[in-house]
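Now for the letters of each chain:
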Amino acid sequence: MKRYILLTLSLLLVTIADAQEKLILLNEGMWQADNGRVTYFEDDHVVSNQWFRDKNGMKIGDTPNDIIQVNENLIAIAVNWSNIVQFIRPDGTAVAATEDIPNNRKLCSDGQYVYVTSYGHECATVDGMKTFEKGYVAKIDISTFKVVAATEVGYEPEGIALYDGRLFVANTGGYSNVGENHEFETTVSIVNAATMQVEKTVDTHVPNLYGKMSQFERYLCINSPGDYYEIPSASLIFDCQKALDGNVDCFVKLDVAVTYNCPTRDGLFLAVGSSFSYLTGDYETNYVTINPQMVIETLGTSGVTHSLPGSLLADYQNMGQPYGIYVNPYTGYIYGSDASLFENAGYLYQWSPEGQLLGKHKVYINPGHFLALPPEGHFTGIVKQETSNLKPQSSNIYDLLGRYMKTPTKGSVSVRQGRKVLTK
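Residues numbered from 1 in each chain as written. Predicted model: local features only at pLDDT ≥ 70, side-chain atom pairs only at ≥ 80, totals over all residues. Heavy atoms only, no water.

A. The sheet that holds strand 3 (residues 45-48), seen in detail. If you walk across this open sheet you meet the four strands as 3-2-1-30, and the pairing is antiparallel. Because the sheet does not close on itself, it has two edges, and the strands there are strand 3 and strand 30 (367-372). If you compare each strand with its neighbour and ignore which way they point, the axes differ by 30 degrees on average. Pairing analysis gives six bridges linking strand 1 (residues 22-27) to strand 2 (residues 37-42), with the strands arranged antiparallel. Across the sheet, residue Asn27 finds its bridge partner in strand 2, namely Arg37. (Pairing = 2+ DSSP bridges. Helix = DSSP H or I, 4+ residues; strand = E, 2+ residues; numbered from the N terminus. Axes fitted to C-alpha atoms, helices over the stretch in contact; angles between N-to-C directions.)

B. Molecular detail of the environment of Ser233. Take Ser233: it is sitting in the loop between strand 19 (219-224) and strand 20 (234-239). Separated by 24 residues in the primary sequence, Ser233 and Ala257 place their C-alpha atoms 5.4 Å from one another. When neighbours within four sequence positions are excluded, Ser233 is seen to be in contact with Ser224, Pro225, Gly226, Ala257 and Ser275. At a separation of 3.4 Å, a polar atom in the side chain of Ser233 contacts the main-chain carbonyl oxygen of Pro225. (Contact = heavy atoms within 4.5 Å. Polar contact = N/O pair within 3.5 Å; in protein donor to acceptor, adjacent residues only side chain to side chain.)

C. Highlighting the nonpolar core. Within the largest apolar cluster, 27 residues are counted, with the highest numbers of intra-cluster contacts made by Leu23, Ile24, Ile75, Ile77, Tyr335 and Leu348. For this core, the elements supplying multiple residues, two or more each, are strand 1, strand 2, helix 2 (51-56), strand 5 (74-79), strand 6 (84-88), strand 29 (357-365) and strand 30. In terms of residue count, the dominant contributor to this core is strand 1 (four residues). Once residues lying within four places of it in the same chain are set aside, the contact partners of Ile77 are Leu26, Ile60, Pro64, Asp66, Ile67, Ile84, Val85, Gln86, Ile88 and Leu107. (Core = buried A, V, L, I, M, F, W, Y, C linked by side-chain atoms within 4.5 Å. Buried < 20%, exposed > 50% of the residue type's maximum accessible area, 1.4 Å probe, protein only.)

D. Spatial organisation of the side chain of Gln20. Relative to the elements of secondary structure, Gln20 occurs in the loop between helix 1 (2-18) and strand 1. If sequence neighbours within four positions are ignored, Gln20 has contacts with Glu42, Asp43, Pro375 and Glu376.

E. Focus on the sheet that holds strand 20. Taken together, four strands build an open sheet; the order of strands is 18-19-20-21 and the sheet is antiparallel. The two strands at the open ends of the sheet, each matched to only one other strand, are strand 18 (213-216) and strand 21 (251-254). Looking at each pair of strands side by side, their axes are set apart by 15 degrees on average, direction ignored. Sheet topology places strand 19 next to strand 20; six bridges connect them, and they run antiparallel. If you follow Ser224 over to strand 20, its bridge partner there is Ala234.

Right, here's the structure in full:
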């Protein structure tokens, strides 16, 4: 009997270990304050709200605004105002920092190279300094951490995704109101990742493709905050395969904002949209679940549900300022963040895969960018989780078997995620 009990406990502990939640959260801090921080969260608690500093004895930098896992041993972090791409190991220790890409924004990777968008106009490469009229995409070789190529795309490129050897880049033109002589962009640039040449530019006729861009296989979810005046917020569901095939119906415009969006494990997009208008000085917020395949197939007549799983909708409505949403691709657990007043510590929320609130945790200023680490370090593939009828306890311990912009004042410069927006 004793041996049976010990064996059962051993199996239980293995199951718990397999189901461990491991989450890295980037806190942007205040722009130009050099107070970005990295939170490390495990299971049901915050391990550290200054994880990078704990591991390396130095700060992460000013306004970290994107994070990706490159391969099993490497993670990349774009630190916008410090003008670096910081590389770390999954245990948090720093490996290298690429300093040749000023005003860097968003990241993607094929495991050998990291691709970075930049609002800047120059980039130091192994072949010398490159200058551009518009923004560009840089290509970093992770064997040397050097920029081996860079190519011009649209003005102020933002989100980037990789599909079938091509980079899909959403252009914003977001500096149109801070002295640069151009209009808002409406395009998605398609770049051959091997040659770093622009193969095609798709004009969506939707301006200012700014912010988080999520990907599930061939589908992208792209946000548009409009022009903050007459043109309202919207979003695009973009079909990469159709775009490569030359199909003119490769995207569908939706009249909902998707400021913070993420893919689920079954191919849906969850989105919290925040629309701001200078004309009214108010925000409007919407909450949607999007089936991208259905949206594309029906040209937008169906596929959008104005709801979120479980208690997410009610929980988000109780936040001071929603600032992010994320689904752990390995386990299905859901995370969200609240920036509150933008100047004080924000909060990290955790939900079960069904949307049951498990906990709310104090983190740091402007928490907005997530990366889940694989359970037990298994980066390739999704670990299947076992479930049981046991329910989470009130202490928010897991089930044992595992299972936009701060309201600007006229004449001021407002910043969100390192992007300057001159108000009028």
